Amino acid sequence: MGKKIRFAAQTNRVVIRPSIKNETARLRKVVLGLADDFGGEPALEEAYDPKSKEHIKKGTFPSQEDVTRQVMALETALRKYNVEIYRPNDVKGVNQIFARDIGLVIDDKFIVPNIIVERHQEVEALENIIAQIPEENLLTSPDGVRMEGGDVMPWNDVIFVGYSKEEDFINYKVSRTNEAGVEFLRKNFTNRNVIAVELTKSDNDPRKNALHLDCTFQPIGNDKAIVFKEGFKYESDYQKIVAYFGIENLIHITREEMYRMNSNIFSISPEIIISGSSFTRLNGILRDMGFTVEEVDYDEVAKMEGLFRCSTLPLVRE
C-alpha cells in the first residue's frame, strides 16, 4: 500500500494554484527533479527498472558529475523561456531526478499518488511545494489506488492512462499503475473521458518494456503525437491512439528510438519542444513540422529509464 504524506499546516505562503489542461499549453510553473546527490550507482538487486540493471551490469551507469551537468542543462532550457522552477527538498543519497511520477496535476487538482515503496522518500520531499497549494486543490490517492505521473496524460477532453491489469501488476515491478488507479481518475474527473491502455512490460529487457505511458507515447503541438506501436500490449489499445489523433498526425518511432527515450520529450508550448540532442531523426521531423526544438544532451540520465518528461512535474500551464 502507498504511504500517506502528513501535510504541513497550510500557511499564508499559498502561491501555487495548480492548473493543467493538457501536455503542451504554455508552461508557467514546474517542479524540476534534483540531481545533486542522487546516490550513485545502486547495487544490482536494488535497481527496479531494466535499463538501470543493464547499465549496472555493463559498468556504464551514469556518474554524479554527468547527471548534475545534464539536469542543469535542462534547467537552463526551461529558464530560457521564463518558466518558474520549484525544487523538492534534498534527501541525501536518494535519486530525485524523476519528479514526474511522485505527483501529478489535472485541471486544478494536485494528486498525491501511491507509488512503490522504494520511492516514498521522494514523495515526502515534495512537502515544501505541497504546503504552498490550497487544501481544496489537493487530492490524495486512497489505499489500493496505484498510479505514477508518467502513466497519466491529461489532454483537453480526455485523460490517457497507461496501466496494467492485476496479473501483470502483481508479476512485474515495472507495472506502476493499476486498474484502481484508472477508476480513481474516472471518478474524480467526470468532465473527461479516460482512455486506458495496457502497456508492454518486462523487468529485464529495456527494449521490451514501456515503464510508463510516456515511454511509448506523448502528445505534441495541438493535435499530434509521438508513438511506439509495440509499446502497447494489445493492437486494440494502439488503435485507440490512432482513432483519437488520426494516423496522419502520428510520428512513429522505432524500437531503438523508444529504448533511447525519443517519446519522452517535453513541451514548453504547442510550438516549442525540449528534445534530446542525439535524437537526430526525430528532431528533423519535428523541425520540418514547424516546431522549435531546444536540444539538450540527456543521454546519461536516460540510462536510468527516464528523460525530460520524467524529470519535470508541471504545476501551471496557461
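As shown above, the structure is provided for reference.
Below, the structure is looked at part by part. (Residues numbered from 1 in each chain as written. Predicted model: local features only at pLDDT ≥ 70, side-chain atom pairs only at ≥ 80, totals over all residues. Heavy atoms only, no water.)

## Topic: the overall build of the protein chain
- A tally of helices and strands in the protein chain yields 10 helices and 15 strands.
- For the protein chain, the C-alpha atoms occupy an extent of roughly 50 × 45 × 45 Å along the three principal directions.
- When each of the 318 residues of the protein chain is scored for burial, the buried share is 61%.
- The contacts of the protein chain with a sequence gap of at least 6 include a subset with a gap of at least 24, amounting to 77%.
- When the accessible surface of the protein chain is totalled, it reaches about 12,700 Å², and 48% of it is carbon and sulfur.
- Between the mean site of the 42 positive side-chain charges and the mean site of the 51 negative ones, the protein chain shows a separation of 2 Å. (Helix = DSSP H or I, 4+ residues; strand = E, 2+ residues; numbered from the N terminus. Buried < 20%, exposed > 50% of the residue type's maximum accessible area, 1.4 Å probe, protein only. Contact = heavy atoms within 4.5 Å. Areas by Shrake-Rupley, 256 points an atom, 1.4 Å probe, with all protein chains shown as cover. Lys, Arg positive; Asp, Glu negative; His and termini not counted. Charge placed at Lys NZ, Arg CZ, Asp CG, Glu CD.)

## Things to note about the sheet that holds strand 10 (residues 224-227)
- Judged by pairing direction, the sheet is mixed, and its three strands sit side by side in the order 9-10-11 without closing on themselves. Across the chains shown, the open sheet's two edge strands, defined by having one partner strand only, are strand 9 (217-220) and strand 11 (250-252). For this sheet the average axis-to-axis angle between neighbouring strands, irrespective of direction, equals 20°.
- Both strand 10 and strand 11 contribute to a ladder of three bridges, which runs parallel. Bridge assignment links Ile226 to a residue of strand 11, and that residue is Ile251.
- Along the sheet face, helix 7 (residues 235-245) touches strand 9, strand 10 and strand 11 and points at about 140° away from the line of strand 11.
- Contacts from helix 9 (residues 280-288) reach strand 9, strand 10 and strand 11, with the element oriented near 160° to strand 11. (Pairing = 2+ DSSP bridges. Axes fitted to C-alpha atoms, helices over the stretch in contact; angles between N-to-C directions.)

## Thoughts on helix 7
- Those residues of helix 7 that sit buried are Asp237, Tyr238, Ile241, Val242 and Phe245. The buried residues of helix 7 all sit within an arc of 155° when viewed along its axis, so they share a single face.
- If you follow the buried residues of helix 7, they end up packed against strand 6 (152-155), strand 7 (158-163), strand 8 (193-198), strand 9, strand 10 and strand 11.
- Gly246 lies just past helix 7 and shows a positive phi near 90°. (Arc of directions from axis to C-beta.)

## Focus on empty space enclosed by the protein
- In this structure the tally under the stated criterion is two cavities of 30 Å³ or more.
- For the largest cavity, the calculated volume is near 110 Å³.
- Taken together, 15 residues make up the lining of the largest cavity; nearest its centre are Glu23, Arg100, Val105, Pro154 and Arg309.
- Elements with a minimum of two residues in the lining of the largest cavity: strand 3 (104-106), strand 6 and strand 15 (312-317).
- In terms of residue class, the lining of the largest cavity is built from eight nonpolar, three polar and four charged.
- Taken as a whole, the second largest cavity encloses approximately 30 Å³ of empty space.
- Every residue lining the second largest cavity is listed: Thr200, Arg207, Lys208, Asn209, Ala210, Phe228, Glu230, Gly231, Arg255 and Met258.
- Looking at the lining of the second largest cavity residue by residue, the class counts come to three nonpolar, three polar and four charged. (1 Å grid on protein atoms, 1.4 Å probe; cavity = no way out; pocket = protein on both sides within 12 Å on 5 of 7 lines; lining within 4 Å. Points joined across faces, edges and corners; volume = space filled by probe spheres on them. Nonpolar A, V, L, I, M, F, W, Y, C, P; charged D, E, K, R; others polar.)

## Some remarks on the layout of surface pockets
- Considered as a void within the structure, the largest pocket measures approximately 480 Å³ in volume.
- Around the largest pocket sit 27 residues that line it, and Pro42, Glu46, Tyr48, Asn95 and Glu122 are the ones nearest its centre.
- Put simply, the second largest pocket is a space of about 160 Å³.
- Along its surface, the second largest pocket is lined by Lys51, His55, Lys58, Tyr259, Arg260, Ser278, Asp299, Ala302 and Lys303.
- For the lining of the second largest pocket, the class distribution of residues is two nonpolar, two polar and five charged.

## Considerations on the sheet that holds strand 4 (residues 109-112)
- Strand order in the open sheet formed by three strands is 3-4-5, and the pairing between neighbours is mixed. Edge strands, defined here as strands with exactly one partner in the open sheet, are strand 3 and strand 5 (138-140). Neighbouring strand axes in the sheet, compared pairwise and without regard to direction, differ in orientation by 30° on average.
- As paired strands, strand 3 and strand 4 are joined by three bridges and run antiparallel to one another. The residue bridging Val105 from the neighbouring strand is Phe110, located in strand 4.
- Seen against the sheet, helix 6 (residues 179-188) touches strand 3, strand 4 and strand 5 and runs at an angle of roughly 145° to strand 5.

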